[in-house]
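So the chains spell out like this:
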Amino acid sequence: MIFSTYQFIFAFLPITFLVYFLLNRFRYYSIAKIWLALASLYFYGQGSPDFFPYFLGSVVGNYVVGTCLTRMDGEQKNQKKLLLFIGIMGNVGLLGYYKYTDFFIENYNLLTGSDYALKHIVLPIGISFFTFQLIAFLVDSYRGETKQYDVINYLLFITFFPQLIVGPIIHHAEVVPQFENEENLKLNFDNIAAGLFLFSIGCAKKILLADPLTTDAQSFFGNIHDSLPMIESWYHSIEYTVSYYFDLSGYADMAIGLGLMFNIVIPHNFDSPYKARNFQDYWRRWHMTLSRFLSAYIFRSVYRKGNKWRNYYIATMVTFFVSGFWHGAGWTFVVWGIVNGLFVCIAAWMHRKNWKFPFPLAFALTAIGVVGVRVLFVANTFTDAWNVYCGMVNFGSLGNSVYEIAQHVWGFVKGNASNTLLLLLGLFICWFLPNSRQMMEKFRPSWKSAVYAAVLLTLCIMQMNQVVQFLYFQF
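The structure reproduced in this document is the subject of the present report.

**Examining the side chain of Asn-153**
At step 1: Structurally, Asn-153 can be placed in helix α6 (residues 151–159).
At step 2: In this structure, Asn-153 is in contact with Lys-33, Val-176, Phe-179 and Glu-180, ignoring residues within four places of it in sequence.

Here it is, written out as structure tokens:
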């Protein structure tokens, strides 16, 4: 089950919402929370029924370990370290088995000449996201930064259905106090209006923009060959870059909007990343809750001021290596992470030297870099990525005269008119319009916002028979 389906919008959401607030209305607060936790577990179980028992076991096991860590005193330092190590390895082991088993088998076969059969394990939905949240909970429990949450509030922190599958990655200190606040158990019509408004924006991003662009771009990247034309290489690479942003940010908007409807504030995940002037700026704006997690639990574990082997650049490269490997079980993802890390280090070095390109040049170079690394991200193999890069500089495919070039461009645009209009609209939104966070800061319930949301939702509902799965659905 995903947000942009009839089942979710017309059945799961209204039933979950009505029962939750009815129970709260009659002061059955604990039962209401149990209902929301059970509904969230049902939501997850619909998407990954085979993995569901293991997911439930992982959630319970981490609660037990986290509770034990908080109860240990300072004299049990070694025992705490051992328990933390066991807890983290349990999470990493589960993620590693499902996500990386075939990757390690492939590389072992390549290095040793063996012929072990691949397992073809189906990756459970959302496993990378909730694994990060569980690890953060254990580390903070070890550091003494958590209190002993009751099991219901802990369950809601992990399983709250809006953010369970694709994030944003939430921190326990952000949401558990919200579930404990009795004011949040009452209907708040301003929050409901704001939530529906943001949900409609996210739904439109996903269904009206991302889905058609993604389908077209994936068709291109699924059939890569030698001697690709220049226009097609650039067009579909930019198309995928734009669709990827609207797919992921659309989910985040829907998740945040749904959270608001339940009076739970979920952190924003994007801040107009395609307006960035360098890669350091870009990664401050892109998937911000993931960047926050990696900064808090990877970068800060490596970085030591004054230590040349653990300085900013080394810590940055280690962080982006982990990020690349987290994103996918393949060397293309690892190299993608390393290249991003190098670009961030270059931006940091330039900032340290107080070197700054004029904004138009900085913006253009960053945009080209973002498209370039996205090719590496989406390509199935290095060969495919290389063919696309070669296509990007295949000037011979344009023709030998201005007339031939114009004719070629017009013919391609004419044959892809609808997607070209969507692509241009997407770029205009990315570059010139306020983002979702900025819109919500100025939001006030009104008949205009209600009509706007109703029109977007109506258009989306009319297209829901053609929904494409979220790109991050199985990360």
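**Describing the packing of helix α9 (residues 189–221) against helix α10 (residues 230–261)**
When two helices pack together, their arrangement is given by the angle between their axes and by how far apart the axes lie.
At step 1: Two numbers describe how α9 lies on α10: the axes approach to 6 Å, and their chain directions differ by 155°. The orientation of α9 relative to α10 falls into the category roughly antiparallel. Of the two possible hands of crossing, α9 and α10 adopt the one that is left-handed.
At step 2: Of the residues assigned to the contact of α9 with α10, the class counts are 23 nonpolar, twelve polar and eight charged.

**A word on the pattern of salt bridges**
At step 1: One pass over the full model with this rule turns up eight salt bridges.
At step 2: When the shortest N-O distance is used, the salt bridge between Lys-206 and Asp-211 registers 2.9 Å.
At step 3: A relative accessible area of 0% means that Lys-206 is categorised as buried.
At step 4: With a shortest N-O distance of 3.1 Å, Asp-281 and Arg-285 are connected by a salt bridge. Linking Asp-281 with Arg-285, this pair stays in helix α11 (residues 279–285), spanning four residues, or about one helical turn. The residues Asp-281 and Arg-285 share a single accessibility class, namely buried.
At step 5: Each of the salt bridges in this network shares a partner with another, and the network as a whole consists of Lys-206, Asp-211 and Asp-247.

**Some details on empty space enclosed by the protein**
Unfilled space is identified by rolling a water-sized probe across the atoms.
At step 1: Here the structure, examined in full by the defined rule, presents two cavities of 30 Å³ or more.
At step 2: The wall of the largest cavity is formed by Lys-205, Tyr-245, Ser-249, Ala-252, Asp-253, Ile-256, His-268, Asn-269, Phe-270, Asn-435, Ser-436 and Arg-437.
At step 3: If you list the elements that add at least two residues to the lining of the largest cavity, you get α10 and α19 (436–441).
At step 4: When grouped by side-chain class, the residues that make up the lining of the largest cavity number four nonpolar, five polar and three charged.
At step 5: When its volume is computed, the second largest cavity comes out at roughly 30 Å³.
At step 6: Surrounding the second largest cavity, Tyr-63, Gly-66, Thr-67, Thr-70, Phe-137, Ser-141, Thr-146, Lys-147, Gln-148 and Tyr-149 form its lining.
At step 7: The element best represented in the lining of the second largest cavity is helix α3 (residues 52–71), accounting for four residues.

Parameters at a glance
Residues numbered from 1 in each chain as written. Predicted model: local features only at pLDDT ≥ 70, side-chain atom pairs only at ≥ 80, totals over all residues. Heavy atoms only, no water. Helix = DSSP H or I, 4+ residues; strand = E, 2+ residues; numbered from the N terminus. Contact = heavy atoms within 4.5 Å. Axes fitted to C-alpha atoms, helices over the stretch in contact; angles between N-to-C directions. Parallel < 35°, antiparallel > 145°, perpendicular 65-115°, else oblique. Left-handed = near helix turned anticlockwise from the far one by under 90°. Nonpolar A, V, L, I, M, F, W, Y, C, P; charged D, E, K, R; others polar. Salt bridge = Lys/Arg side-chain N within 4 Å of Asp/Glu carboxyl O. Buried < 20%, exposed > 50% of the residue type's maximum accessible area, 1.4 Å probe, protein only. 1 Å grid on protein atoms, 1.4 Å probe; cavity = no way out; pocket = protein on both sides within 12 Å on 5 of 7 lines; lining within 4 Å. Points joined across faces, edges and corners; volume = space filled by probe spheres on them.

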